[in-house]
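# Overview (structure and organization)
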Amino acid sequence: MKKRYYKEIDTETFDFIFENSPVEIIDKTASYDIESFEYFLTLRFRNVSDRKISALDIRLDLYDGISATPYKKIEYTYKVTAKNTPEDIIGGFDRISIPQTYYKKLIINILGVTFADGEHLALKLTSETKPKLISQQANHIVTACELVDDKESVKDKYPAIIMPEFGKTAWICCCSQKNKAESETCERCGRERDKLKSVYSHENLVKTAYAEAHGTSTMTARRIKGEFMEKHNPTAPDNIKEILIEHEIKKVDKREKYKEKMRIQAIPRFILYFVLAYLLYFVLNWIFGLVPEL
């Protein structure tokens, strides 16, 4: 059989986890045969359950970017054997043929899994779930994430880019690595699961951000204080009202000082403008010979 050669078009990783699923989507790669120009998709999933999976059913919805409905639906079943599932990985070798009209949008639907004992579990999971990127969070949360990530030894190699999430069967580290729920440390960067769960909690991030703002400039405080103004915020520090009042007083004091400065300078400014205007008038008249002889 003639060997086929493929060229990759794009690769996408799925940096989120499902709340309670035996499998997680890792990534997808689109490629084409350089001779026949046939298009293919290669997907990788991971078994995060404590049971062996013998089959995984999925459906691909392909969109052309114009219509709200997919122009093509492709159902596919992965047959899982010991030979093609190293380290709980499902897929990675199967190339799913797709139409030569390349899609603008792709949605991966997980329809169900069949376990090794024959039990089938129907699922309704979709890749439309969006990852919680740290860079897309509110300013004060981004600031706090930078402060709580104290894993100096791995910051450069595995920076924190994702808000950690913890599900029943899996958890995703801030470095975007998906781990089984029972894994106490990240398989990629070594960050500790329980510590991440604590320091990246919303309550801790809010307190960390406000502590940083309270100890720095008023500009920083104004930039991040929006969340603390929300009514009935249970995560704010106990003395939040006093802290906010203090910052507001500083703002009012600065504004009043500016107004007073402008009032004091008003008359000198008026005189200066009048003198400049008179000099300009005199110079222009002298240049054009309009000044009468004395």
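Residues numbered from 1 in each chain as written. Predicted model: local features only at pLDDT ≥ 70, side-chain atom pairs only at ≥ 80, totals over all residues. Heavy atoms only, no water.

### Thoughts on the pattern of salt bridges
- What the rule picks out here adds up to 15 salt bridges.
- The partner of Asp 61 in a salt bridge is Arg 59, with the nearest N and O atoms 2.9 Å apart.
- Notably, a salt bridge pairs Lys 207 with Glu 203, separated by 3.2 Å at the nearest N-O pair. With Lys 207 and Glu 203 both in helix α4 (residues 202-214) and four residues apart, the pair spans about one turn of that helix.
- Through salt bridges with shared partners, a single ionic network connects Arg 4, Asp 33 and Glu 38. (Salt bridge = Lys/Arg side-chain N within 4 Å of Asp/Glu carboxyl O. Helix = DSSP H or I, 4+ residues; strand = E, 2+ residues; numbered from the N terminus.)

### Some remarks on the confidence of the model for the chain
- Counting all residues, the mean pLDDT for the chain is 82, and 81% of those residues have values of 70 or more.
- Every residue in residues 217-221 is under pLDDT 50, and counting partners more than four places away or in other chains gives five contacts. (pLDDT = per-residue confidence, 0-100. Contact = heavy atoms within 4.5 Å.)

### A look at the sheet that holds strand β11 (residues 170-172)
- In spatial order, the strands read β10-β11-β12; together these three strands make up an open sheet with antiparallel pairing. Edge positions in the sheet fall to β10 (165-166) and β12 (178-180), since each has one partner strand and no second.
- Pairing of β11 with β12 involves three bridges; the strand directions are antiparallel. In the sheet register, Ala 170 faces β12, and the bridge partner there is Lys 180. (Pairing = 2+ DSSP bridges.)

### Focus: the nonpolar core
- Ranked by internal contacts, the top residues of the largest apolar core, which has 28 residues, are Phe 45, Leu 56, Leu 60 and Ile 110.
- Counting residues per element, the ones that place at least two in this core are β2 (23-33), β3 (39-47), β4 (53-63), β5 (72-79), β7 (96-98), β8 (105-115) and β9 (120-126).
- Non-local contacts of Phe 45, meaning those with residues more than four positions away in its chain, are made with Glu 24, Ile 25, Ile 26, Leu 56, Ile 58, Tyr 78, Asp 88, Ile 89, Ile 90, Ile 108 and Ile 110.
- Core analysis: the next-biggest nonpolar cluster, separate from the first, contains 18 residues, Ile 134, Cys 174, Cys 189 and Leu 205 among them. (Core = buried A, V, L, I, M, F, W, Y, C linked by side-chain atoms within 4.5 Å. Buried < 20%, exposed > 50% of the residue type's maximum accessible area, 1.4 Å probe, protein only.)

### Things to note about the packing of aromatic side chains
- Applying the stated criterion across every chain, the model contains eight aromatic pairs.
- Between Phe 45 and Tyr 78 the ring centres are 5.6 Å apart and the planes differ by 65°, which places this aromatic pair in the edge-to-face class. Placement of Phe 45 in strand β3 and of Tyr 78 in strand β5 is noted, with a sequence separation of 33 residues between them. Neither Phe 45 nor Tyr 78 differs from the other in exposure class; each is buried.
- Ring centres of Phe 166 and Trp 171 lie 5.9 Å apart, and the angle between their planes is 20°; on these two criteria the pair is classed as stacked.
- Overall, the relative accessible area of 27% leaves Phe 166 in the partly exposed class.
- For Trp 171, a relative accessible area of 1% translates into the label buried.
- Following the ring pairs from residue to residue traces out a cluster consisting of Phe 14, Phe 16 and Phe 18.
- Of note, Lys 178 hangs over the ring of Phe 16, and the distance from its end group to the ring centre comes to 5.3 Å. (Phe/Tyr/Trp six-rings, centres within 6.5 Å; stacked < 30°, edge-to-face > 60°. Lys NZ or Arg CZ within 6 Å of the ring centre and 35° of its normal.)

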